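# Structural overview
Now for the letters of each chain:
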Amino acid sequence: MPDYALRAQNVTQKFGAFVALEDVSFDLKVGEVHCLAGENGSGKSTLIKVINGVNTPEPGAQISFYDSAPAARVSPTDAKRHGVHVIWQDLALFPDLTVAENITFDSFIAAPFAPRGTAAKTDRAAQIITRLGVKLDPHAKLGDLSIAKRQLVAICRVLDANARIIFMDEPTASLTRKETQTLLDIVRKLSGDGISIVFVSHRLAEVLDVCERVTVLRDGAFVGSYPTEGMTQKRLSTLMTGLDLDEHPRDIENFGETAIEVRGLSRDAEYDDISFSVRRGEILGLTGLMGSGRTEIALSLFGMTQADQGAILIDGKPVNFRNSRAAIAAGIAYVSEDRLNLGLVQSQSIIKNTASTVLDDLAKPSFYLSPKRLRALCIDWIARLKTKVSDPRLPVSSLSGGNQQRIVLAKWLATNPKVLILDAPTVGVDVGAKAGIFEIVRELAAKGMAIILISDEASEIHTHTDRVLILRGGKVHKDLKPATVNEEALEEMINA
Amino acid sequence: MRKLFQGWSGDRIELTAMVAFLALSVLSFAAIAPNFLSVGIFRSMAFQLPELGLLTLAMFIPIIAGGLNLAVTFTANICGLAAAFIVQKFLLENGGLALPIALIVALLTGLVMGMLVGAMVAYVGAHPILVTLGAMIFLRGLGELLTRGGDISGMPPVFETIGHGTLLGVPNPMWIFLAAVVVCFYIMQFTKLGFSIHMVGSNPKATLFSGIDVNRVLVWVYGLSGALSGLAGFLMLARFNSVRVGHGESYLLITILACFLAGANPFGGFGRVLPLAVGLISLQVIASGMNLMGASQHLATAAWGGFLILVMILRAPFQSKT
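Computed from a predicted structure; not experimentally measured.

Now for the overall build of chain B. Each helix and strand counted, chain B has 13 helices and 4 strands in total. The C-alpha atoms of chain B give a radius of gyration of 20 Å, which matches the 20 Å a tight globule of 322 residues would have. The principal-axis extents of the C-alpha atoms in chain B amount to approximately 65 × 60 × 30 Å. The proportion of buried residues among the 322 residues of chain B is 49%. A separation threshold of at least 6 residues defines the contact pool for chain B, and within that pool the share at least 24 residues apart is 79%.

This paragraph deals with the domain arrangement of chain A. Residue and element names in this part refer to chain A. Under the domain assignment used here, chain A contains domain 1 (4-241) and domain 2 (258-495). Relative placement of domain 1 and domain 2: their C-alpha centres are 34 Å apart. Contacts between the two partners involve 8 residues from domain 1, matched on the other side by 9 residues from domain 2. A per-element tally of the side of domain 1 that touches domain 2 places helix α9 (residues 233-241) first, with 3 residues. For the side of domain 1 that touches domain 2, the residue count by class is 1 nonpolar, 5 polar and 2 charged.

Residues and elements named next belong to chain A. Its identity is not glycine, yet Asp219 carries a phi of approximately 50°, on the positive side. Tracing the chain through its elements places Asp219 in the loop between β8 (213-218) and β9 (221-227). We note that Ala424 has phi near 45°; this positive angle belongs to a residue other than glycine. Tracing the backbone through its elements, the reader meets Ala424 in the loop between β16 (419-423) and α17 (431-446). Judged by local crowding, Ala424 falls into the buried class, with 20 C-beta atoms found within 10 Å.

A few words on the interface of chain A and chain B. Contact with chain A, which involves 21 residues of that partner, is made by 19 residues of chain B. Put simply, the parts of the chain that give the side of chain A that touches chain B at least two residues each are α11 (324-329) and α12 (339-343) of chain A. Classifying every residue of the side of chain A that touches chain B gives 9 nonpolar, 8 polar and 4 charged.

All names here are of chain B. Under the present numbering, the feature "transmembrane region" (unreviewed entry) in UniProt falls on residues 54-87, 99-123, 129-147, 175-197, 217-238, 250-267 and 299-318. The straight-line gap between the two end C-alpha atoms of residues 129-147 is 27 Å; of that span, 100% is helix and 0% is strand. The span residues 175-197 carries 96% helix and 0% strand; its end-to-end C-alpha distance comes to 26 Å.

For the rest of this paragraph, the subject is the confidence of the model for chain B. Taken over all residues, the pLDDT of chain B has a mean of 87, while the share at 70 or more is 95%. Confidence estimates for the predicted assembly give a pTM of 0.80 and an ipTM of 0.84.

Residue and element names in this part refer to chain A. Here helix α19 (residues 487-495) has its buried residues at Leu490, Glu491 and Ile494. Projected down its long axis, α19 carries its buried residues within an arc of 100°, all on one side. The exposed set on the far side of α19, more than 90 degrees from its buried face, consists of Glu488 and Glu492. Those residues of α19 hidden inside the fold are in contact with β12 (283-287), α18 (458-464) and β18 (467-472).

In this section: α9 of chain A. All names here are of chain A. Among all positions in α9, only Leu236, Ser237 and Met240 are buried. Buried residues in α9, looked at end-on, bunch into an arc of 95°, giving them a common side. The elements touched by buried residues of α9 are β3 (33-37), α8 (204-210), β8 and α17. Gly242 sits one or two positions beyond α9 and adopts a positive phi of about 75°.

Once that is clear, we can look at the sheet that holds strand β13 (residues 309-314) of chain A. Residue and element names in this part refer to chain A. If you trace the 4 strands from one edge of the open sheet to the other, you get β11-β10-β13-β14, paired in antiparallel fashion. Strand pairing shows two members of the sheet lacking a second neighbour, β11 (271-279) and β14 (317-319), which therefore form its edges. Neighbour-to-neighbour, the strand axes of the sheet open up by a mean angle of 25°, direction not taken into account. Pairing between strand β10 (residues 258-267) and β13: 5 bridges, direction antiparallel. Bridging from a neighbouring strand, Ser266 pairs with Gln309 of β13.

Let's shift gears to the environment of Val243 of chain B. All names here are of chain B. Note that Val243 resides in strand β4 (residues 242-244). Owing to 25 C-beta atoms within 10 Å, Val243 belongs among the buried residues under this scheme. Along the chain, Val243 and Ser153 lie 90 residues apart, while their C-alpha atoms are 6.4 Å from each other. Aside from chain neighbours lying at most four places away, what touches Val243 is Asn77, Gly80, Leu81, Ala84, Asp151, Ile152 and Leu237.

The next subject is the pairing of β8 of chain A. Residue and element names in this part refer to chain A. Relative to β8, β3 runs parallel, the two sharing 4 bridges. What sits directly across from His34, in β8, is Arg213. Looking at chain direction, β8 and β9 are connected through 6 bridges and run antiparallel. If you follow Leu217 over to β9, its bridge partner there is Phe222.

Take the environment of Ala122 of chain B next. Residue and element names in this part refer to chain B. Mapped onto the elements of the fold, Ala122 is located in helix α4 (residues 95-124). For Ala122, a count of 23 C-beta atoms within 10 Å gives the class buried. Residues Ala122 and Gly226, 104 residues apart in the sequence, show an inter-C-alpha distance of 15 Å. If near-sequence neighbours (up to four positions away) are discounted, Ala122 is found in contact with Asn215, Leu218 and Val219.

Attention now moves to the sheet that holds strand β17 (residues 450-454) of chain A. Residues and elements named next belong to chain A. In space, the 6 strands of this open sheet follow the order β15-β16-β17-β12-β18-β19, with mixed pairing throughout. Since the sheet does not close on itself, it has two edges, and those belong to β15 (332-335) and β19 (475-480), each with one partner. Neighbour to neighbour, the strand axes of the sheet diverge by 20° on average, direction disregarded. Across the sheet, helix α10 (residues 294-301) lies against β12, β15, β16, β17 and β18, angled at about 150° from β16, the strand it touches most.

The rules we used
Residues numbered from 1 in each chain as written. Chains lettered and ligands numbered in written order. Predicted model: local features only at pLDDT ≥ 70, side-chain atom pairs only at ≥ 80, totals over all residues. Helix = DSSP H or I, 4+ residues; strand = E, 2+ residues; numbered from the N terminus. Rg over C-alpha atoms; globule rule 2.2 N^0.38 Å. Buried ≥ 20, exposed ≤ 12 C-beta atoms within 10 Å, placed from the backbone. Contact = placed C-beta atoms within 7 Å. Domains from an automatic or database assignment. Nonpolar A, V, L, I, M, F, W, Y, C, P; charged D, E, K, R; others polar. UniProt positions renumbered as here; feature names shortened; annotations may be inferred. pLDDT = per-residue confidence, 0-100. Arc of directions from axis to C-beta. Pairing = 2+ DSSP bridges. Axes fitted to C-alpha atoms, helices over the stretch in contact; angles between N-to-C directions.

So, in structure tokens, the structure goes:
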């Protein structure tokens, strides 16, 4: 048995004048869990597509699987023969088929007119499920399952197709902490069975937890392959970004007046008896597992839902928001956790998205909305938040995650809010861009904005908040100053 | 193809394409039909186009908002009916007032019916296809019931001036259509409502999260659509001196075709008024040109369909396939 499942050297890929990969090397041991790390646009996906035979690299590459002879490129047939499979982030499953049909789909393509969902197929799917040691109903419709379960179905599917080298693209991006642990256990189990796994993830903590080695790419260039033993999150993010990010926990004592106060706020089946206040210049962390009520509270503060009981006070005056317009008028801004569907209108222009919250101001004194004023507003905010934009008329979807989040911030800062609620502001944002976002947030707080930061990343809460409420089952479980505990203890408290 | 137009905005490409398309159709008919380039032909086109044009504008705005309005033609009929009823009941003697009042009645009837439809779409949350299909069938039944399947005719002579008169050599219906184009262009490009319509069409939920009152926008979208239909109904009344429920029914799908021909996004959010106006004129040129050559009217219809397909094929290289 050879030691290496895959060895790739001198891989270069150009798209026109753009160099996506330059002289990259990558090797993968049999049964190894290997992380492919790098920021968006660093070339991770391009490398995967070279290895699974979608892209043809420039001549000169040497790629070999197991003990095969090195070749200059991988054909899709080669990839299939060596059991190379990629589970992309969107999973590419069929929501209207059953779990068993999804798992056995590849044999289904081979015989398109064979009857669906036969007992034999269900049995085969059930065997794979048992082998993986997970709980899945082969008869359940895929569309009814949670993302975590679908992820497992995707893994079963590649196993059914005899995968020996599996690439997993951001597999934990939309999983809860507990689901992530389950997935990591499965990854370890597969590696124990001699399957090699390449893990692509933004979450450095789990990368260091599950992987044996990590290969770092930056702007298409090969930075290096390192054992994870002895590697720290900080060093890894420095390797990925090329920047030495140094973040100090906050240490501020004197804040301004209370900007927002919440007293005994309750909403049926969402949150119960929540009280807190945030002063000007203060950053309050709101954390807890998914379903702990953190986003639900934010939606009520933003007027999207109404609390059954309790009071919200802005600058000491009780308010009752019937809708988001009323909340915005009172000085609340809400950066949604779902940037793709709620935070931005992805297909519309950067200008339109920036201006969407301040139409009433822009249209004054008449109802005439001047394109020049829209553009000026957008250009101004792009400059103030140092956003990388080539043309503000382009759809906002053309920007990277970090720059999109800056546009979200811009559209809310344009309303000149008193209270800024940030709900998971760094989801899908690169390590380097994350630091940039927090730099802005801390600057805003320094200028006297009251900020509520919702996050389930213990490190973010620990570094960037002055006080934190840990929620559990819709109630305040703990209320503490993060500086009084260390990050690991905080993480423990969030996930306990 | 892509390279040739590098640096051009999508809107500019659409407008250029529509103008090129218009020039091409005019030139080809000028080449094969010797008497095509005459004042008479263009005048007759300018008389025929406005009804379809107004109905297309009425379809266009809901499409940009991510819906559509299947009730445009029957809304137009009912508005014409309401205007004719008021005129015949109260204003047969008073010719001077009849015209403005008929116009106001038609516009208001359309506005109110449209807003009701919009309220259904917004507050009930039903899909626009269902709501407007319901409204369409309802209005058709209502109209046929009221007119007993016949027509209401006999307007004061002053209606002739709107329906058949000209100003500066251009038929009056054309002036009305052009005015409607300018108003729609202004609303869609330079007002809060127009801005919001584009945003709602792309993603109503994210628009709501930006603090835009999506429900109110939808009510106005269908209100405007109804008012434009009402204007079309008024014009039909003036042109034919009568109202018959079902008149213009065949325009319904053509209005949708014209919207997509001019680059309106079938999923909402994108589309411009000016390419739409130019595209409509091209469609009319094809119909009139073929008519002049003695071809069957049905051939013109087939040509329109073929055109849409051709334009879709030509447009394909400019669209990313994601």
